[in-house]
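A closer look at the structure
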Amino acid sequence: MSNPGVIIAGAAETNELGKLPGHSTLALHIEAAVNAVADAGLTMKDIDGIATVAAPGPVQVAHALGIYPDWVDGTGVGGTSFLLHVRHAIAAIRAGYAKTILITHGESGRSRVGAPGYRMDAASPVGQFEAPYGTLGPTTTFTIPALRYMKEYGLTHEQLAYVAVAQRQWAAKNPRAAFRDIISVEDVLDSRLVAYPFHLLECCLVTDGGGALVVTSAERAADFPKPAVHLVGTGESSETPMISQMLDFTESQMFRQAGQKAFAEAGITTADVDHLMIYDAFAHVPIYGLEALGFVGKGEGGPFIAEGNTEPGGRLPLNTNGGGLSYTHTGMYGMFAIQEGVRQIRGEAAAQVDNPEISVVLGNGGMFAACGVLVLGKQPR
Amino acid sequence: MASKMTPVPTPETKPYWNGCAAGELRIQRCTDCGKPYFYPRPICPSCGSTSVEWFTASGKATLYSYVINHRPAPGFDEEAPYAIAVVQLAEGPRMMTNLVGVPNTPEALVLDMPLRVTFEQRGDVSLPVFTPEEA
């Protein structure tokens, strides 16, 4: 076999998510790392590769954990970075650069303890050509394509709101979810406007938390306490550093490009997918994801969700932890999307889908800026 | 009191900002494939050619998409809620902007409405913003 298999052998989140003013960013990394390494039945001495985003970055995290690695990856392309770390870890393991790689995420997104400040360089492209127009973070930028999509494809405000409604139904089954009360379309549309057409309940949470993964060779699959989660296909791409320069406001090229790579490598079609995670910083992103991955045609994502296909009892379980809209969103949510995919394949999710063989995780970084896609399998392919 | 962000030109963007100061929207195009592009940079994103030139755009545009922001950025308290828009220039490229001379409401801001450039002084910089064509 030219491409030996690689698995996720350990996966865990921080003990708690939400408002954790007693944890610094680094402490969240450490807690997540300790939990994931224990989940794999290993110790820090077994880890020979490290990946995370700055800040605090792989050097700080490795050092804090007493790891002196043979392989270091600090890829930082926003909330999807951890999916790219997994993909790069697969390559490193196949190349023999490392055997047991730890990928960590910790972010004091809400409490901002030991967290980097928000700085905007007024001489950068985004500082010159976007920030002067009064942008203030993702709510004012990631959201801009939606009105164009609504005009082109007739997506209604009610359908957009229903994305949050469907995901809350999953969150209601998850004791760790931040918001668990069932909501209606009216509740969403009655919540205050943050950036028209987006209401508060169509925007993600801002929380503290972390998660970590241990990635290693599939030939060691039997050595770990938990069932192996096979990494059967992956993809990555990038598109734009500025939302105004997105190629087409009605579709994400990078979602499609990374998704096609991942599906081709796994040898699957959408019909093979039992469980799906799509990074949902805002309610329109799952619609763009469903269409880019080919689950529905262009313009069909909103009606597909509103008809109940992705909620509990639907044929395509989507964002089953409750997603960034209801579960947690530290700022870089991708790690939590992977964690839920792992839990579903292992059969240990709070809202467990019936025996999924294939879970697909689509991560977004920045404002439609970068993308990673992972195909997780119960079996190697 | 916090003030609005003022862009800081770099050597490759200076002709754009100089154009704005002169009341012109100057952007670039490729002299090999002919395609206009924005934001300023010394390479054509369509064909990779580094043979590029500046030209003065018509200043005409249409409204491509927007949000109406209810949580103002520093310095924008008086305008809130205000639109953060992306317009499509008649020449093809898109850019972010604000919309002036029109109520920033969903009713008044209709996608594809015709717009034209105007300029707003901010510090040492003249910032292109857009206003309805018929205004």
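Above: the structure in question.
The following paragraphs examine the structure supplied in this document. (Residues numbered from 1 in each chain as written. Chains lettered and ligands numbered in written order. Predicted model: local features only at pLDDT ≥ 70, side-chain atom pairs only at ≥ 80, totals over all residues.)

1. What about the overall build of chain A?
Along the backbone of chain A there are twelve helices and eleven strands. Whereas a compact globule of 381 residues would reach a radius of gyration of roughly 21 Å, chain A reaches 19 Å, a difference of no more than 12%. Its C-alpha atoms give chain A principal-axis dimensions of about 55 × 45 × 35 Å. Out of the 381 residues belonging to chain A, those deemed buried represent 61%. (Helix = DSSP H or I, 4+ residues; strand = E, 2+ residues; numbered from the N terminus. Rg over C-alpha atoms; globule rule 2.2 N^0.38 Å. Buried ≥ 20, exposed ≤ 12 C-beta atoms within 10 Å, placed from the backbone.)

2. Description of the packing of helix 1 (residues 25-39) of chain A against helix 2 (residues 57-65) of chain A
All names here are of chain A. For the pair helix 1 and helix 2, interaxial distance at closest approach is 10 Å and the crossing angle is 60°. When the interaxial angle is binned, helix 1 and helix 2 end up oblique. Where helix 1 crosses over helix 2, the two elements pack in a sense that is right-handed. Every residue of helix 2 that contacts helix 1 at Leu26, His29, Ile30 and Ala33 is listed here: Gln60, Val61, Ala64 and Leu65. Class assignment of the residues belonging to the contact of helix 1 with helix 2 gives a composition of six nonpolar, two polar and no charged. (Axes fitted to C-alpha atoms, helices over the stretch in contact; angles between N-to-C directions. Parallel < 35°, antiparallel > 145°, perpendicular 65-115°, else oblique. Left-handed = near helix turned anticlockwise from the far one by under 90°. Contact = placed C-beta atoms within 7 Å. Nonpolar A, V, L, I, M, F, W, Y, C, P; charged D, E, K, R; others polar.)

3. Observations concerning the interface of chain B and chain A
Counting residues at the interface gives 32 residues for chain B and 29 residues for chain A. Elements supplying a minimum of two residues to the side of chain B that touches chain A: strand 4 (60-69), strand 5 (82-89) and strand 6 (94-97) of chain B. Looking at which element gives the most residues to the side of chain B that touches chain A, the answer is strand 4 of chain B, with six residues. Examined bridge by bridge, strand 5 (residues 193-196) of chain A and strand 4 of chain B share two bridges and lie antiparallel to one another. Residue pairing across strands places Tyr196 of chain A opposite Ile68 of chain B, the latter belonging to strand 4 of chain B. (Pairing = 2+ DSSP bridges.)

4. So, the sheet that holds strand 1 (residues 6-13) of chain A
Each strand in a sheet pairs with another by means of backbone hydrogen bonds, the pair being arranged parallel or else antiparallel. Residue and element names in this part refer to chain A. Taken in spatial order, the nine strands line up as 3-2-4-7-1-8-11-10-9 in an open sheet, and their pairing is mixed. Edge positions in the sheet fall to strand 3 (71-73) and strand 9 (275-278), since each of these pairs with one other strand and no more. For this sheet, the mean inter-axis angle between neighbouring strands, taken without regard to orientation, is 20°. One ladder, built from four bridges, connects strand 9 with strand 10 (residues 358-365); its direction is parallel. Opposite Leu276, over in strand 10, you have Val360 as the bridge partner. Along the sheet, helix 3 (residues 81-95) makes contact with strand 1, strand 2 (49-51), strand 3, strand 4 (100-108), strand 7 (208-217), strand 8 (229-238), strand 10 and strand 11 (370-377), crossing strand 4 at roughly 165°. This element, helix 8 (residues 253-266), spans strand 8, strand 10 and strand 11 of the sheet and lies at about 150° to strand 8.

5. Topic: the environment of Leu102 of chain A
Residues and elements named next belong to chain A. Here Leu102 shows up in strand 4. Classification of Leu102 by C-beta neighbours within 10 Å gives buried; the count is 32. Taking the C-alpha atoms as reference, Leu102 lies 6.5 Å from Val215; in sequence the two are 113 residues apart.

6. Focus on unusual backbone geometry
Comment: phi is negative for the bulk of residues other than glycine, and the bulk of peptide bonds are trans. Geometrically, the link from Ala54 of chain A to Ala55 of chain A is a cis peptide bond, its omega value of -10° lying close to zero. Topologically, Ala55 of chain A is positioned in the loop between strand 2 and helix 2. Between Phe38 of chain B and the following residue, Tyr39 of chain B, the backbone shows a cis peptide bond with an omega angle of 15°. Phi at Asn355 of chain A is positive, roughly 50°, even though this residue is not glycine. Inspection of the secondary structure puts Asn355 of chain A in the loop between helix 12 (334-346) and strand 10. The backbone of Asp112 of chain B sits at a positive phi, close to 75°, despite the residue not being glycine. Here Asp112 of chain B shows up in the loop between strand 6 and strand 7 (114-122).

7. Here's the deal with the sheet that holds strand 3 (residues 52-56) of chain B
Residue and element names in this part refer to chain B. Strand order in the open sheet formed by three strands is 2-1-3, and the pairing between neighbours is antiparallel. Single-partner strands in this sheet number two, and they are strand 2 (36-37) and strand 3. Helix-sheet contacts for helix 1 (residues 14-21) involve strand 1 (26-30) and strand 3, and the interaxial angle to strand 1 is about 140°.

8. Section: the packing of helix 3 of chain A against helix 12 of chain A
Residue and element names in this part refer to chain A. Running from N to C, helix 3 and helix 12 cross one another at 60°; their axes reach a closest spacing of 7 Å. Judged by the angle between their axes, helix 3 and helix 12 are oblique. Two secondary-structure elements touch here, helix 3 through Ser81, Phe82 and Leu83 and helix 12 through Gly334, Met335 and Ile338. The residue makeup of the contact of helix 3 with helix 12, split by class, is four nonpolar, two polar and no charged.

9. Focus on helix 9 (residues 285-292) of chain A
Residues and elements named next belong to chain A. When you tally the buried positions in helix 9, you get eight out of eight residues, the bulk of the element. Considered for burial, the residues of helix 9 that qualify are Val285, Pro286, Ile287, Tyr288, Gly289, Leu290, Glu291 and Ala292. Packing partners of the buried residues in helix 9 comprise helix 6 (157-171), helix 8, strand 9, helix 10 (301-306) and strand 10. In the stretch just after helix 9, Gly294 is the one whose phi turns positive, near 90°.

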